Amino acid sequence: MTAIPDTRPKMRGARFLQSRGMRRFFRHKLAVLGLAMITLIAVACIVGPWLLPHDMLDIDIRGRFSPPLTDTYLFGTDEMGRDLAARLFMAGRVSLMVGVAAMVLSTVVGTVIGLLAGHFGGALSTALMRFTDAFLCFPQIFLLLALAAFLEPDAMMITIIIALTSWMEIARIVAAEIRSLRERDFVTAARVSGASHAWIMFRELLPNAAGPIIVAATLTVARAILIEAYVSFLGYGIQPPLPSWGNMLNNAQQYLDSAPWLAIVPGVAITLAVTSFNFIGDGLRDALDARSDMP
Amino acid sequence: MSETPMIRTVDLAQHFPIRKGLPGRPGAVVRAIDGVSIDIPRRQVVGLVGESGSGKSTFGRAVMALDPPTSGRVEFDGTDLSQLSRAALAPYRRRMQMVFQDPFSSLNPRMSVAETLGMPLRFREGGAGRSERRDRAAEMLEMVGLPRSYLDRFPHEFSGGQRQRIGIARALMTSPDFLMADEVVSALDVSVQAQVLNLFARLQREMELTMLFITHDLAVVGHVSDIVAVMYLGRIVEIAPTRALFSGPRHPYTEALLSAAPSPVPGGARKRIILEGDVPSPVNPPSGCPFRTRCPYAIAACAEDRPALAAVGPDHRSACIRTDLDLMPATGRRTEAALEGSPG
């Protein structure tokens, strides 16, 4: 028997970029715009602080409340004369990191719970889904504030708290998707072959539920950024001097009349990031919709 | 000399609750299959026919030990499968495989052909290495008439007939003793149906397979089966060697099915028996003979006891009390042509 050359990895990459799903995504103008905007924001936050002449903690007493484009201050300075641009980009690192990390955590938790509930069904499913419903019963903001008031609110803790209050939607989406997939014949074929539960869950079911999970995860990033912003704005989130887009707004409200750019600059950053993630989510939903994905 | 049959079902029943009963009051149940006892002898093909909702597929799933039966048992090569745990069932899984009705749902869209075909080998004792799986998959692809270059393709690149061939190749990867084929050609174009049926006939001969071939199409059954079992409302009403059943049906339902097979001769002079009404509800089947509500020969006695399968000829059993009937055999060139090709 001659060996058959394995051309799989190469084909997979090409298949991904040329697939109908990706072509559909790139036809979605707002989604492409969102992707470009997020890339821009991310790059600015990563390299920005190195390119700017001022550190985010440098205090310039004589240059307090400089409006944007004064001297070397791109976005002006705050009440202590710190460079707003430097603070914005450092805050962006924190806010985006919290958003993405909370998304990863809540997606993993939601997917595992949804997968177990959907695959096994029966009493386990009932227990897990009622547990999910119980979490959904609490208004998210109160749960967040209560937890944040008790726990030491550093970036890591805020991420965990946000993840703990936002995995339920993904769990329900995954459970519903898995329940419909497990009736498909290819799953029966795996059972007939003696496949383990783990194989059926992770090789047969999960890859076919990837579309809805990716869409929900993208929208979760947007929500997590927003949640971090308002928790920090209320003073329970990321604590100064570490900046985040939320706590920058907190300081800014006192100077809304005299120095409105202090509020506008981080406000625009939050708005752009959140809407961009939402546009990407919409684009992915069109591209990965299970119904149109079926060949 | 009686050899242990490959598959023997004993009073197999599968009831599905459709409403939860109040405490102390039983809820309604669908009697999808209700006391089926048949033998599938080694290296023989048993065709199971019946209309939609007769319980054919439920029976197939129960035979494959996919759903635990409500009562009765399935013996595979003398072992009662319904008593085995998931782990204890594993060695038997390798010896029994199935092919599915819908070629668009039976292949995982995210797996290449090589992965799909390799899967059954992963789970047998000891497993099989990657190159061994690939070699075997290539061999099986050629066996079902597909080029080995298809190994790295994905299901969406194939037509229904090609997918069905891939599904057949997957079922044969472990060289099973028993193959269950559930309506395997009903989703295919007629021209492709013939190719796939011929493939089954060839594979069955070459690999000495024992098969349960489920279909609603009598012409298909005549083409591939040694023995035909006719199912109605979850019960076997007649079972006989293919030729005997086509030339001398003994149950009125079989007669009606045979007469309904399309004739290729336009206006071919033959009586067609049109059954009145629908299949009765399996939740609340009629008393006595379940077919009596639609049977043109029903008499008062039919409503009393449920007729058991009784011998009416060599290897020929029928569940009808009207043994006095002279029923019409199959006519038309199609069924006869099908019989020419049948092994029986």
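In the annotation of an unreviewed UniProt entry, the entry for chain B reads Oligopeptide transport system ATP-binding protein, and the organism field reads Palleronia aestuarii. Its UniProt record, at the heading Subcellular location (unreviewed entry), says of chain B: "Cell inner membrane". The record held by UniProt for chain B lists under Sequence similarities (unreviewed entry) the comment "Belongs to the ABC transporter superfamily."

You'll find chain A entered in an unreviewed UniProt entry as Peptide/nickel transport system permease protein, with Palleronia aestuarii given as the organism. Listed in UniProt under the heading Sequence similarities (unreviewed entry), the comment for chain A reads: "Belongs to the binding-protein-dependent transport system permease family."

### Some words on the pairing of strand β12 (residues 310-313) of chain B
Pairing between β12(B) and strand β13 (residues 316-318) of chain B: 3 bridges, direction antiparallel. Looking at β13(B), one finds that Ala311(B) is bridged to Arg317(B).

### Some thoughts on the interface of chain B and chain A
Each partner contributes residues to the interface: chain B has 36 residues there, and chain A has 31 residues. Buried area between chain B and chain A, both sides added, is near 3300 Å², and the carbon and sulfur share of it is 52%. When the buried area of chain B at its contact with chain A is split by residue, Arg86(B), Arg110(B) and Phe123(B) rank highest and sum to 19% of it. Joining chain B to chain A, the criterion identifies 1 salt bridge. Between Arg203(A) and Glu115(B) there is a salt bridge, with the nearest N and O atoms lying 3.0 Å from each other. For the side of chain B that touches chain A, the secondary-structure elements that each account for two or more residues are α2 (86-93), β7 (96-99), α3 (113-122), α4 (130-143) and α5 (160-172) of chain B. When grouped by side-chain class, the residues that make up the side of chain B that touches chain A number 15 nonpolar, 7 polar and 14 charged.

### Quick word on the environment of Ala44(A)
Residues and elements named next belong to chain A. Looking at where Ala44 falls in the secondary structure, it is placed in helix α3 (residues 29-51). For Ala44, a relative accessible area of 24% translates into the label partly exposed. On a C-alpha basis, the gap between Ala44 and Phe89 in space is 6.7 Å, while along the polypeptide they are 45 residues apart. With sequence-adjacent residues up to four places away left out, Ala44 is seen in contact with Pro49 and Phe89.

### Some points on the domain arrangement of chain B
Residues and elements named next belong to chain B. Per the domain assignment, the segments making up chain B are domain 1 (7-95 + 179-192 + 206-341) and domain 2 (102-175). For the pair domain 1 and domain 2, the summed buried area comes to about 910 Å², and 72% of that belongs to carbon and sulfur atoms. When residues of domain 1 are sorted by the area they lose upon contact with domain 2, Arg94, Leu188 and Met207 head the list and together hold 56% of the total. At the junction of domain 1 with domain 2, the criterion picks out 0 salt bridges.

### A look at the UniProt feature "transmembrane region" (unreviewed entry) in chain A
Within this numbering scheme, the UniProt entry marks residues 30-52, 94-116, 128-150, 156-175, 213-238 and 258-281 of chain A as carrying the feature "transmembrane region" (unreviewed entry). From the first C-alpha to the last, residues 30-52 of chain A spans 30 Å; its make-up is 96% helix and 0% strand.

### Things to note about the packing of aromatic side chains
Enumeration according to the criterion identifies 11 aromatic pairs over all chains in this entry. Relative to Phe123(B), the ring of Trp199(A) has its centre 5.2 Å away and its plane inclined at 80°; by these criteria the two rings are edge-to-face. Highlighted residues: Trp199(A) in helix α10 (residues 197-205) and Phe123(B) in the loop between α3 and α4, drawn from two different chains. Overall, Trp199(A) belongs to the buried group, its relative accessible area being 10%. Taking relative accessible area as the criterion, Phe123(B) reaches 22% and is therefore assigned partly exposed. Ring geometry for Tyr232(B) versus Phe291(B): centroids 5.0 Å apart, planes at 80°, classification edge-to-face. With Tyr232(B) in strand β10 (residues 227-232) and Phe291(B) in the loop between α9 (252-260) and β12, this residue pair connects regions lying 59 residues apart in the sequence. Judged by relative accessible area, Tyr232(B) falls into the buried class, the value being 0%.

### Examining the packing of helix α12 (residues 245-252) of chain A against helix α13 (residues 261-288) of chain A
Residue and element names in this part refer to chain A. Two numbers describe how α12 lies on α13: the axes approach to 8 Å, and their chain directions differ by 150°. Between α12 and α13, the angle falls in the class roughly antiparallel. Considering only the axes of α12 and α13, their crossing is left-handed. Residue-level contacts link Trp245, Gly246, Met248, Leu249 and Ala252 of α12 to Leu262, Ala263, Pro266, Gly267, Ala269, Ile270 and Ala273 of α13. Tallied by class, the residues present in the contact of α12 with α13 amount to 10 nonpolar, 2 polar and no charged.

Reading the values: the criteria
Residues numbered from 1 in each chain as written. Chains lettered and ligands numbered in written order. Predicted model: local features only at pLDDT ≥ 70, side-chain atom pairs only at ≥ 80, totals over all residues. Heavy atoms only, no water. UniProt positions renumbered as here; feature names shortened; annotations may be inferred. Pairing = 2+ DSSP bridges. Helix = DSSP H or I, 4+ residues; strand = E, 2+ residues; numbered from the N terminus. Contact = heavy atoms within 4.5 Å. Buried area = accessible area lost by both parts, 1.4 Å probe. Salt bridge = Lys/Arg side-chain N within 4 Å of Asp/Glu carboxyl O. Nonpolar A, V, L, I, M, F, W, Y, C, P; charged D, E, K, R; others polar. Buried < 20%, exposed > 50% of the residue type's maximum accessible area, 1.4 Å probe, protein only. Domains from an automatic or database assignment. Phe/Tyr/Trp six-rings, centres within 6.5 Å; stacked < 30°, edge-to-face > 60°. Axes fitted to C-alpha atoms, helices over the stretch in contact; angles between N-to-C directions. Parallel < 35°, antiparallel > 145°, perpendicular 65-115°, else oblique. Left-handed = near helix turned anticlockwise from the far one by under 90°.

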